[in-house]
Amino acid sequence: MTFPIHRPRRLRRSEALRGFVRETRLTTSGFVYPMFACPGTNVRKEVSSMPGVYQQSVDQIVQECREVAGLGIPAVILFGLPRKKDEAGSEASDASGAVQRSIDAIRKAKVDLLIITDVCLCEYTSHGHCGVVKDGEVLNDPTLELLANAALSHARAGADIVAPSDMMDGRVGAIRRKLDENGFTDVAILSYAAKYCSGFYGPFREAAQSAPQFGDRRSYQMDPANAREALREVALDLEEGADIIMVKPALAYLDVIQRVRERFDVPVAAYNVSGEFSMVKAAARNGWIDEKRVVLEILTGIRRAGADIILTYHAKDVARWLKE
Ligand SMILES: [Zn+2]
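Because the structure is predicted, anything quoted here is derived from the model rather than measured. (Residues numbered from 1 in each chain as written. Predicted model: local features only at pLDDT ≥ 70, side-chain atom pairs only at ≥ 80, totals over all residues. Heavy atoms only, no water.)

### Brief notes about the overall build of the chain
In terms of regular secondary structure, the chain is built from eleven helices and twelve strands. Against the 2.2 N^0.38 benchmark of 20 Å for 324 residues, the chain shows a C-alpha radius of gyration of 20 Å, consistent with a compact globule. Here the C-alpha coordinates of the chain stretch approximately 70 × 45 × 40 Å along the principal axes. Taken over 324 residues, the chain has a buried fraction of 53%. In the chain, the share of contacts with a sequence separation of at least 24, taken over all contacts with a separation of at least 6, comes to 74%. For the chain, the exposed area adds up to about 14,900 Å²; of that, 50% sits on carbon and sulfur atoms. Taking the average location of the 43 positive side-chain charges in the chain and that of its 43 negative ones, the two points are 8 Å from each other. (Helix = DSSP H or I, 4+ residues; strand = E, 2+ residues; numbered from the N terminus. Rg over C-alpha atoms; globule rule 2.2 N^0.38 Å. Buried < 20%, exposed > 50% of the residue type's maximum accessible area, 1.4 Å probe, protein only. Contact = heavy atoms within 4.5 Å. Areas by Shrake-Rupley, 256 points an atom, 1.4 Å probe, with all protein chains shown as cover. Lys, Arg positive; Asp, Glu negative; His and termini not counted. Charge placed at Lys NZ, Arg CZ, Asp CG, Glu CD.)

### Things to note about the pairing of strand β5 (residues 114–119)
Across the six residues of β5, five count as buried, placing the element largely inside the fold. Here strand β4 (residues 75–80) runs beside β5; their pairing, made up of four bridges, is parallel. Note on β5: the bridge partner recorded for Ala75 is Leu114. In terms of handedness, the path from β4 via helix α3 (residues 98–108) over to β5 forms a crossover that is right-handed. Pairing geometry for β5 and strand β8 (residues 161–164), over four bridges, is parallel. Across the sheet, the residue bridging to Asp118 is Ala163, located in β8. (Pairing = 2+ DSSP bridges. Right-handed = clockwise from strand over helix to strand, strands pointing away.)

### Quick look at the coordination of the zinc ion
Note on metal geometry: ideal angles are 109.5 degrees for four donors arranged tetrahedrally and 90 or 180 degrees for six donors arranged octahedrally. Coordination of the zinc ion by the protein comes from Cys120 (SG), Cys122 (SG) and Cys130 (SG), over a distance range of 2.2 to 2.3 Å. Here the donor residues of the zinc ion share one chain and are spaced in sequence as C-x1-C-x7-C. Across the pair, Cys130 and Cys122 agree in class, each one buried. (Donors = N, O, S within 2.8 Å, 3.2 Å for Na, K, Ca; no water.)

### Here's the deal with the nonpolar core
Core analysis: the largest hydrophobic core is formed by 79 residues, its most contacted members being Leu78, Ile257, Val260 and Ile302. Here Ile302 is in contact with Ala250, Leu254, Ile257, Ala270, Asn272, Ala307 and Ile310, once residues within four sequence places are set aside. Core analysis: the second largest hydrophobic core is formed by 29 residues, Tyr201, Val273, Phe277 and Leu311 among them. (Core = buried A, V, L, I, M, F, W, Y, C linked by side-chain atoms within 4.5 Å.)

### As for a nonpolar patch on the surface
On the surface, a cluster of nonpolar side chains totalling about 320 Å² of accessible area is made up of Leu11, Phe20 and Val21. Following the sequence through the fold, Phe20 ends up in helix α1 (residues 15–20). (Patch = residues over 30% accessible without salt bridge, like charges linked within 9 Å, V, L, I, M, F, W, Y side chains within 5 Å. Salt bridge = Lys/Arg side-chain N within 4 Å of Asp/Glu carboxyl O.)

### Overview of the packing of α3 against helix α4 (residues 141–157)
Interaxial distance between α3 and α4 falls to 8 Å at its minimum, and their mutual angle equals 20 degrees. The angle between the axes of α3 and α4 places the two elements in the roughly parallel class. As α3 packs across α4, the resulting crossing turns out to be right-handed. In this structure, α3 contributes Val99, Gln100, Ile103 and Asp104 to the contact, and α4 contributes Ser153, His154 and Ala157. Residue composition of the contact of α3 with α4, grouped by class: three nonpolar, three polar and one charged. (Axes fitted to C-alpha atoms, helices over the stretch in contact; angles between N-to-C directions. Parallel < 35°, antiparallel > 145°, perpendicular 65-115°, else oblique. Left-handed = near helix turned anticlockwise from the far one by under 90°. Nonpolar A, V, L, I, M, F, W, Y, C, P; charged D, E, K, R; others polar.)

### Notes on the packing of helix α2 (residues 58–70) against α3
Where α2 meets α3, the closest approach of the two axes is 9 Å, and the angle between their N-to-C directions is 45 degrees. By the angle between their axes, α2 is oblique relative to α3. Here α2 runs over α3; the crossing is right-handed. Contact residues: Val58, Ile61, Val62 and Cys65 in α2; Ala98, Arg101, Ser102, Ala105 and Ile106 in α3.

### A look at the side chain of Thr312
Checked against the element boundaries, Thr312 lands in strand β12 (residues 309–312). Of note is the side chain of Thr312, whose polar atom sits 3.0 Å from the backbone nitrogen of His314. (Polar contact = N/O pair within 3.5 Å; in protein donor to acceptor, adjacent residues only side chain to side chain.)

### Details of helix α8 (residues 254–263)
All buried positions along α8 are accounted for by Val256, Ile257 and Val260. Projected down its long axis, α8 shows its buried positions confined to an angular sector of 100 degrees, all on one face. (Arc of directions from axis to C-beta.)

### A few points about unusual backbone geometry
Following Phe3, the chain continues into Pro4 via a peptide bond in cis, with omega recorded as 15 degrees. Inspection of the secondary structure puts Pro4 in the segment before α1. For the peptide bond that leads from Lys248 to Pro249, omega is -5 degrees, which places it in the cis range. One can find Pro249 in the loop between β10 (244–248) and α8. At Gln209, a position not held by glycine, the phi torsion is positive, near 45 degrees. In this fold, Gln209 is placed in the loop between α6 (202–207) and α7 (228–240).

### Here's the deal with the pattern of salt bridges
A side chain of one charge can pair with a side chain of the opposite charge when the charged atoms of the two come close. Counting across every chain of the model gives 20 salt bridges. With its nearest N and O atoms 3.1 Å apart, the salt bridge here joins Asp237 to Arg171. Remark: Arg171 occurs in helix α5 (residues 171–181) and Asp237 occurs in helix α7; sequence separation between them is 66 residues. Among the salt bridges present, the one from Arg218 reaches Asp216, with a minimum N-O distance of 3.0 Å. On the basis of relative accessible area, Arg218 is assigned to the exposed category, the value being 61%. Judged by its relative accessible area of 38%, Asp216 falls in the partly exposed class. Through salt bridges that share partners, Glu64, Glu67, Lys281, Glu291, Lys316, Asp317 and Arg320 make up one connected network.

Now the structure itself:
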C-alpha cells in the first residue's frame, strides 16, 4: 500500500538529483596503480595481454610515477623482475634489485607517492613458486625468513608499505618482527590476507614472468569456494600485525570483501586483478562493451562492496575520466 505515496523514481529524475543521493562515490583517493620494474635502462615493454601496462626499467618507472602522481593517484605497488632467477629467489632481497632501485629513484625524484611493494618470491624463483621448494613441495617455515628479508630490503630502500602476497602461514608476523628489529616500526604491512587460487591471474603471470614451472598454487592460495575461511585468514593476519588487509581477486569475490568489511574495523583493500582488466580491454577493443562505463561500474561495485583501497590497472584511465 506504499504506492502512490512512495515513488523511488522521484530521486532519479535528473543527474543533479541522482548525484545528490548517490551512496557510493568513486574517487582516486584509495587507488593504487600496479607497476612492473625490470633490469636495464630505457626499457619499456608492453605486456601483450595487458594493453597500456609495461615492464619498465627504473628510469621509466620514475617517469610513469610522475604521471601517476600528477593524475591524483596516491599510491603505486611495485612488482619486480630479476636479472637472474634461482631456486631460493635470492634477488628478492637484493639491494640492487629492480624494486629496491625503483623505490630509491622515486624518492630521489621527490615524486609525491606512497610506495607499496609486493613481497613474494615467485617472480624471483626458477621454479616460479612463492616459497622454498623441496621434493616438489612448497615449504612454509623456511620461506618466512626469505620473505622477511625481502620486506626488510624494501623498507631499507624507503618503502612506506610492504605487501606480502605469498600466502605462507605466519609470514605477517615474521615480517613485522624483522622490520621492528631493524628499526622500521613505522613501515606498514598490507597483507594479501584472502588471496584465492584464481584463473584471473593469467595475464599477470606474463607481466611478472612468474608462472609456476610445475604444479599449481592450490596448496597455499585459497580455494575459491571458501568465504568463511577468508575471515579466519584475515583474523590471523591481523593478530600477527597486519595494518591493512586485502581480498584478491575482486570481481568474483565481492561477497568476501563485504563480509570482511563488516567483520573487521581495519582498512580493506581489493585487487582488481589482471584477468579482470584484460577481459574488459579485450571486449572494449571488439566494440562489445563501452569501456569507460563498464570500468566505472566495476570499480564502483568493488567500492560499494566495502573496499576502501582498490589496486587497479585502470587507475590512470579512471583518474582522467573523473576529471572530465
Ligand atoms: Zn608469489
